[in-house]
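These are the residues of each chain, in order.
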Amino acid sequence: MHLFVRVNREGRAVKGFRDGDRLYLENGEVITDAEADYLAPAEPTKIIAMHLNFPSRLKAFQAKTPRWPSYFMKPPTTLAGHRAQVAKPKGTLYLNYEGEIALIIGRRAKSVSREDAWNYIAGYSPVIDYGLHDFRTSDAGSMLRVKGQDGFCPVGPAMIPAHMVDPHNMTLRTYVNGKVVQEDNTSTLMFPFDYIIADLSRLITLEPGDMILTGTPANSRPVEPGDVVEVEIEGFPKLTTTVVEREVDFADFGAQPEDSENARETAFEIR
């Protein structure tokens, strides 16, 4: 089972593939999974994320079925790899996980039809769309402060080649400290992967390596320092992250973290 990886070797990104517990790198090295300093498995020019796609999440918010997808963007600086530490700023309340499937583009896509869209997918990877909802009141819609902070998009540990999975039947699970907290299947998606690519490529050129975060199921919740958050696509290695507390200087200007009704409703899926 050859899964594509990128790892840090002495400050340089090196590509390769993972087969079982071993990584075979293009520089000729063979290392174990335990030795690997994983990077995100692709280098996107942009990361596009979806607001709502799983019906279970829609039901949790008692929201109306959307007529079309709604998107936002995460900067490439949000990227992190397998076993990353994710920072919860000291004094904040609502750092939420959202386990998702990252769709990774394989070749330039512009004005692609739904029928042809499958030919533009290089593969898939587990991803966690972390969000700090303390900024929700000041940042609703764009999500830049909420979800655009450094390290808020761990991806990996590997990219699963598209031909190895049935995109209409992929089971996604999120674990917190070993307990399953989210589970759903792509068979339930309101907007399947081919629709998403066709929809986006009407207006936006998708480049090789670009990532589309395809939505999270119900039961996103806040996590605390020390929590271990993992996401898996069934049958493939888990993405693992650890939440840590970090002092962050938000300065004395601009929007500040705020404990608001909006933040609480989103963090705990309250209507």
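As a reminder, the structure under discussion sits directly above these lines.
Residues numbered from 1 in each chain as written. Predicted model: local features only at pLDDT ≥ 70, side-chain atom pairs only at ≥ 80, totals over all residues. Heavy atoms only, no water.

**Describing the sheet that holds strand β6 (residues 47-50)**
Moving on, step 1. With mixed pairing, the six strands of this open sheet are ordered in space as β7-β6-β18-β11-β12-β15. Only two strands of the sheet have a single partner each, and these edge strands are β7 (71-74) and β15 (160-161).
Moving on, step 2. Inspection of the sheet shows β6 paired to strand β18 (residues 211-213) by three bridges, in the parallel sense. Note that in β18 the partner of isoleucine 47 across the bridge is methionine 211.
Moving on, step 3. The strands touched by helix α5 (residues 193-201) are β6, β7, β11 (99-105), β12 (121-128) and β18; relative to β11, the strand with the most contacts, the crossing angle is about 55°. (Pairing = 2+ DSSP bridges. Helix = DSSP H or I, 4+ residues; strand = E, 2+ residues; numbered from the N terminus. Contact = heavy atoms within 4.5 Å. Axes fitted to C-alpha atoms, helices over the stretch in contact; angles between N-to-C directions.)

**Regarding the nonpolar core**
Moving on, step 1. In this structure, Tyr124, Tyr130, Phe193 and Ile197 are the most contacted members of the largest nonpolar core, which totals 67 residues.
Moving on, step 2. Residue contributions to this core peak at five residues, all from β11.
Moving on, step 3. Apart from residues no more than four positions distant in its own chain, isoleucine 197 is found in contact with Leu103, Ile105, Val112, Ala117, Ile121, Leu206 and Ile212. (Core = buried A, V, L, I, M, F, W, Y, C linked by side-chain atoms within 4.5 Å. Buried < 20%, exposed > 50% of the residue type's maximum accessible area, 1.4 Å probe, protein only.)

**A word on α5**
Moving on, step 1. Counting buried residues in α5 gives eight out of nine residues, a clear majority hidden from the surface.
Moving on, step 2. Along α5, the positions that sit buried rather than exposed are Phe193, Asp194, Ile196, Ile197, Ala198, Asp199, Leu200 and Ser201.
Moving on, step 3. Considering only its buried residues, α5 is in contact with β6, β7, β11, α2 (114-117), β12 and β18.

**Section: the layout of surface pockets**
Moving on, step 1. Taken as a whole, the largest pocket encloses approximately 340 Å³ of empty space.
Moving on, step 2. Around the largest pocket sit 15 residues that line it, and Pro89, Gln149, Asp150, Phe152 and Val248 are the ones nearest its centre.
Moving on, step 3. Considering each element in turn, the lining of the largest pocket owes the most residues, four residues, to strand β9 (residues 84-89).
Moving on, step 4. Its residues assigned to classes, the lining of the largest pocket shows eight nonpolar, three polar and four charged. (1 Å grid on protein atoms, 1.4 Å probe; cavity = no way out; pocket = protein on both sides within 12 Å on 5 of 7 lines; lining within 4 Å. Points joined across faces, edges and corners; volume = space filled by probe spheres on them. Nonpolar A, V, L, I, M, F, W, Y, C, P; charged D, E, K, R; others polar.)

**Some points on the sheet that holds strand β17 (residues 179-185)**
Moving on, step 1. The five strands lie next to each other as β9-β20-β19-β16-β17, forming an open sheet whose pairing is mixed. With one partner strand each, in any of the chains shown, β9 and β17 form the two edges of the open sheet. Sheet twist, expressed as the mean angle between neighbouring strand axes with direction ignored, is 20°.
Moving on, step 2. One ladder, built from six bridges, connects β9 with strand β20 (residues 239-246); its direction is parallel. Within the sheet, the bridge partner assigned to glutamine 85 lies in β20 and is threonine 242.

**Concerning empty space enclosed by the protein**
Empty space left among the atoms is revealed by rolling a probe the size of a water molecule over them.
Moving on, step 1. Going through the model one piece at a time under the given rule, you end up with one cavity of 30 Å³ or more.
Moving on, step 2. In this model, the largest cavity occupies a volume close to 30 Å³.
Moving on, step 3. Around the largest cavity, the lining residues are Leu3, Pro126, Gly156, Pro157, Ala158, Ile160, Phe236 and Pro237.
Moving on, step 4. The residue makeup of the lining of the largest cavity, split by class, is seven nonpolar, one polar and no charged.

**Here we look at the pattern of salt bridges**
Moving on, step 1. Within this structure, the stated rule accounts for 20 salt bridges.
Moving on, step 2. In this structure, lysine 46 engages aspartate 210 in a salt bridge whose closest nitrogen and oxygen atoms are separated by 2.8 Å. With lysine 46 in the loop between β5 (38-39) and β6 and aspartate 210 in the loop between α5 and β18, this residue pair connects regions lying 164 residues apart in the sequence.
Moving on, step 3. Residue classification places aspartate 210 among the buried positions, given a relative accessible area of 1%.
Moving on, step 4. One network of salt bridges, with partners in common, ties together Arg57, Lys74, Glu98, Asp129, Lys147, Arg221 and Glu269. (Salt bridge = Lys/Arg side-chain N within 4 Å of Asp/Glu carboxyl O.)

**Looking at the pairing of strand β16 (residues 171-176)**
Moving on, step 1. Across the six residues of β16, six count as buried, placing the element largely inside the fold.
Moving on, step 2. Side chains of β16 alternate between two faces, with Thr171, Arg173 and Tyr175 and Leu172, Thr174 and Val176 buried alike.
Moving on, step 3. When β16 meets β17, the two strands line up antiparallel, connected through six bridges. Residue pairing across strands places arginine 173 opposite glutamate 183, the latter belonging to β17.
Moving on, step 4. Between β16 and β17, which pair antiparallel and follow one another directly, the connecting turn spans two residues, one of which, asparagine 177, has a positive phi of 55°.

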